[in-house]
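Observations on the three-dimensional arrangement
Next come the chains, spelled out residue by residue.
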Amino acid sequence: MGKTASEEGQATRSTEERHLADSLRRQGIDLATRSGPWRAVARALQRPGRNRLPVVPIVTNGLAQVMVDTMEHARDVAGLLNFAGVDDLDPVPDLVPPPSLMLEGAR
């Protein structure tokens, strides 16, 4: 079974983030030790979840939370946000995904 457009887009972004994290590491920047409001945390699950992980990897600044696929990715994303000086996420309040990405039942 093929991937949906949303899954392909997420995979592309994830790959780009990892390439950026790897590039910064090669330049001697240790993302895991960057100070700032963002940190990687793990929320325990009652039974194994996605990828059979016992936890949900989360990136948080204490106000916003973003779920990611692995703890390594959570540490990278938190480090990238801290490195870039992003203190808060500024969401677009009425943001609506394109119709092609909306679930059939949500239309």
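Moving on: the nonpolar core. Counting residues in each nonpolar core, the largest one holds seven residues, listed as Trp38, Val59, Val68, Ala74, Val77, Ala78 and Leu81. Tallying contributions element by element places helix H2 (residues 71-83) first for this core, with four residues. Val59 has contacts with Trp38, Arg39, Ala64, Gln65, Val66, Val68, Ala74, Val77, Ala78 and Leu81, leaving out every residue within four places of it along the chain. Counting five residues, the second largest nonpolar core, distinct from the first, contains Ala21, Ile29, Leu31 and Leu80.

On to the environment of Val41. Inspection of the secondary structure puts Val41 in strand S1 (residues 39-44). If sequence neighbours within four positions are ignored, Val41 has contacts with Val56, Pro57, Ile58, Thr60 and Met71.

The periodicity of an α-helix, 3.6 residues per turn, causes residues three or four places apart in sequence to face the same way. Across its 13 residues, H2 extends 18 Å between first and last C-alpha, which sits within 8% of the 18 Å expected from 1.5 Å per residue. Looking at H2, one finds that the buried residues are His73, Ala74, Asp76, Val77, Ala78, Gly79, Leu80, Leu81 and Asn82. Taken from the residues just after H2, Gly85 is the one with a positive phi, measuring 75°.

Turning our eyes to something else, we now look at the sheet that holds S1. The sheet built from three strands is open, its strands ordered S1-S2-S3 with antiparallel pairing. Edge strands, defined here as strands with exactly one partner in the open sheet, are S1 and strand S3 (65-67). On average, each strand axis in the sheet is inclined to that of its neighbour by 35°, with strand direction left out of account. By the bridge criterion, six bridges tie S1 to strand S2 (residues 55-60) in an arrangement that is antiparallel. Bridge assignment links Ala40 to a residue of S2, and that residue is Val59.

Attention shifts here to the pairing of S2. The side chains of a regular strand alternate between both faces of the sheet. A large share of S2 lies buried, amounting to five of its six residues. Two strands pair when backbone bridges link them, and S2 and S3 are joined in this way by three bridges, in the antiparallel orientation. Across the sheet, the residue bridging to Val59 is Val66, located in S3.

Rules and cut-offs
Residues numbered from 1 in each chain as written. Predicted model: local features only at pLDDT ≥ 70, side-chain atom pairs only at ≥ 80, totals over all residues. Heavy atoms only, no water. Core = buried A, V, L, I, M, F, W, Y, C linked by side-chain atoms within 4.5 Å. Buried < 20%, exposed > 50% of the residue type's maximum accessible area, 1.4 Å probe, protein only. Helix = DSSP H or I, 4+ residues; strand = E, 2+ residues; numbered from the N terminus. Contact = heavy atoms within 4.5 Å. Expected span 1.5 Å × (residues − 1). Pairing = 2+ DSSP bridges. Axes fitted to C-alpha atoms, helices over the stretch in contact; angles between N-to-C directions.

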